[in-house]
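Chain and residue survey
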Amino acid sequence: MPTMDDILEHIGEFDFFQKQTFFLLALLSAAFTPIYVGIVFLGFTPDHRCLSPGVAELSRRCGWSLAEELNYTVPGPGAMGEAFPRQCRGYEVDWNRSALSCVDPLAGLATNRSHLPLGPCRHGWVYDTHGSSIVTEFNLVCANSWMLDLFQSTVNAGFFIGAVGIGYLADRFGRKLCLLVTILINAASGVLMAVSPNYTWVLIFRLIQGLVSKAGWLIGYILITEFVGLSYRRTVGVVYQVAFTAGLLALAGVAYVLPHWRWLQLTATLPNICFLLYYWCIPESPRWLISQNKSAKAMGVIKYIAKKNGKSLPASLQSLRPEEEVDEKLNPSFLDLVRTPQIRKHTLILMYNWFTSSVLYQGLIMHMGLAGSNIYLDFFYSALVEFPAALIIILTIDRIGRRFPWAASNLLAGAACLASVFIPEDLQWLRVTVACLGRMGITMAYEMVCLVNAELYPTFIRNLGVLVCSSMCDIGGIITPFLVYRLTNIWHELPLVVFAVVGLVAGGLVLLLPETKGKALPETIDEAENMQRPRKNKEKMIYLQVKKLDIPLN
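Below: a short report on this structure. (Residues numbered from 1 in each chain as written. Predicted model: local features only at pLDDT ≥ 70, side-chain atom pairs only at ≥ 80, totals over all residues. Heavy atoms only, no water.)

**Here we look at the nonpolar core**
Just so we agree on the cut-off: Nonpolar core, defined: a set of buried Ala, Val, Leu, Ile, Met, Phe, Trp, Tyr and Cys residues in which side-chain atoms within 4.5 Å join the residues together. Type-normalised accessible area, obtained with a 1.4 Å probe on protein chains alone, sets the label of each residue: buried when under 20%, exposed when over 50%, and partly exposed for intermediate values. Counting from the N terminus, the helices are DSSP H or I runs at least four residues long and the strands are E runs at least two residues long. Contacts are assigned to residue pairs with any non-hydrogen atoms lying within 4.5 Å of each other.
Within the largest apolar cluster, 135 residues are counted, with the highest numbers of intra-cluster contacts made by Ile11, Leu25, Phe41, Phe151, Leu350, Trp406 and Phe499. Sorting elements by how many residues they give to this core places helix H11 (residues 199-227) first, with 14 residues. Among residues more than four places away in sequence, those in contact with Leu350 are Trp406, Val449, Asn453, Leu456, Tyr457, Cys469 and Leu513. Grouped together as the second largest cluster of nonpolar side chains are ten residues, Leu58, Cys62, Trp64 and Leu106 included.

**Observations concerning the state of the cysteines**
Threshold: When two cysteine sulfur atoms lie within 2.5 Å, the pair is treated as a disulfide.
For the structure shown, the criterion picks out two disulfides. Cys50 shares a disulfide with Cys121; S-S distance 1.8 Å. Given an S-S torsion of about -60 degrees, the disulfide between Cys50 and Cys121 has left-handed geometry. You can see Cys50 sitting in strand S1 (residues 48-50) and its partner Cys121 sitting in the loop between strand S3 (118-120) and strand S4 (125-127), a full 71 residues away along the chain. Neither residue differs from the other here; Cys50 and Cys121 are each classed as buried. One disulfide bridge connects Cys88 with Cys142, the sulfur atoms lying 2.1 Å from each other. Judged by the sign of its S-S torsion, about -95 degrees, the bond between Cys88 and Cys142 is left-handed.

**Quick notes on the packing of helix H9 (residues 146-173) against H11**
Stated precisely, the cut-off is as follows: The angle between two axes is taken between their N-to-C directions and runs from 0 to 180 degrees, where each axis is a line fitted to C-alpha atoms and a helix contributes only its stretch in contact. For classification purposes, angles smaller than 35 degrees are called roughly parallel, those larger than 145 roughly antiparallel, those between 65 and 115 roughly perpendicular, and all remaining angles oblique. Crossings are classed by handedness, with left-handed meaning an anticlockwise turn of the near helix from the far one by less than a right angle and right-handed meaning a clockwise turn.
Two elements in contact, H9 and H11, have axes separated by 7 Å at closest approach and are oriented at 40 degrees. By the angle between their directions, the pair H9 and H11 is classed as oblique. Between H9 and H11 lies a crossing of right-handed hand. Residues Met147, Leu150, Phe151, Thr154, Val155, Gly158, Phe159, Ile161, Gly162, Ala163, Ile166 and Ala170 of H9 form the contact with H11, whose own contacting residues are Tyr199, Val202, Leu203, Arg206, Leu207, Gly210, Leu211, Val212, Ser213, Lys214, Ala215 and Ile219.

As C-alpha cells, then:
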C-alpha cells in the first residue's frame, strides 16, 4: 500500500494548498510571541521612587527642575549589590513643613543625609514612564517584586501542563479540533486578562493562556509538517519558527505604539479571534486519520488537497489502510514514548535538549543584560540575530543533514559561554561578539530540536512526543531566572560555566540520534525503532494506473 509521502508526490508536496495552509499557520506562530516573551513589555519595570506627600508642592513653590527635585528629596544609591534606597525607601521627613528651605531642604535636619532615617514607601511610588505595565498599575516592586516573577513562572507552568495534556488529546481526538479549541480559549482568556480588575485575575487568565497557547503553536507545527512532502518538510519547519522571530519584531513595534499594557494585551489577542476562521480553511491531518483507521475521511482530505493543487489522484492510490501494527494500537499512550529502546533513547535525549535550549536561550539574554536604555530597540536588535541562524539551517540541513549542524550549534553555544568567562571586562566588543555567537548557536539548536523531534516519532504518537519533550523547555524557563541570579551572587561568571557544561553535553548527546535527512516520516513503531537502518523497498515505489481491456478469447 502507498504511504502518505507517496501520495503527496502525485498530488503535490508543496503546491497551492500547502502554501496557503503554511501562510495561515505561520500567522499563528507569529501571534504566539506576545505570550512567550510579552513579559518584557507587559511587566516592564521603569525607574521608580517613593511617592512623598508634599514633595510636589515644595518643588512647585521652589521652582525645581526634576533633577533638582531628585537630588534634594530622594536617597542616593545603596551599597554595592543592594537594592537602591531611592527605589524602595524614602526619607522619614514631613515635606509639608513650611520651614524647609528651597536650597538643600534637608540641611537643616541633619548635617549628613546618611544620618536621616529611611522608611518604606507608605504612599506608593512614582514611576518614570509615559506608559503603564502590570508593574506600575499593581505596584509589583520592592517587597512585591516577587509577584512579577510569579507572573512569568505561572505562564511557564501553564505551558508545561498544557503541552502534555493537550498533546495527548490532539493525538487522541485530532489535530484540528484541539487547535481550534486552544485558539478559542486563548482568545477569550486574553481579552479577559486585558480587562481584569486586579493582579489575581490577571494571573489566573495568564495561566489559562499558558495552558493552551504553546500547545496550539506546536499543533500548528505538527499540522504543517504532516501536510507537506518529504523534500519540503525541513524548510517549512524552519520557516514556521522564523515566523515566530518575525512576530518578535512586530511585537516591538506594536509595544512602541501602544505603551499601555491593557491596550497592548488586547491588540495582541485580537488575531486569535480571526484564527477561529481556520475551521473552514484547514482540514484534519490525513496522516492522523490514516493512523486512526479513518481511511474514508483521509481519502476525502487527500482528494480535497489534490483538487486545490489542480492535480488528479490516480485510481491505484485511492485505497488506503493503516500499515502493519497500527491496526492493533490506535490510542496513544505516554508509555509508548519509553516502551521500546530506541524511542526511549530518543525521548530522553530530546527532553534534555529541549531543556538545554530553553536554559541557554533565556539565560544568555538575562546574563548579557541589554544595558541600553531603549527597551524597544534592545528587543528589536536581539531578535535580528535569529534570522542568520535560520538561514544557516536552511543552507546546511539538506547538504549536511540534521545531526551534525544540530550538534555543532550546541557545541558553539557551550564554547561561547566558556570563552566568555576568560575574556577581560575591558574587551567589551569581544564579549558582545562571543555572546552573539552563543545566541546564534542556541537559536539554531532551538529550531533544530523542534524540527527533528517531529521526525523521530511514528504518526500516532508524534504530537504527544513533541509536546511531552518540549515541555522540558518550560521547566527550563521556570528555573532559569533563579539559576542566573542566584549563581551570579556567588560569582558573576558562574552561570556561564554551567551553561557551557550543559551545552557541550547536549551537543555530544545529539550525535547518538539517527540521521533523518531524506527519510520519510515513520508511520509505525517498527519504522521508528529501525530508523538507523535503511528502509527496504519503500523509497522508489512507482504506482501505475493500468486500464484493463476486456478481450474475448477465441
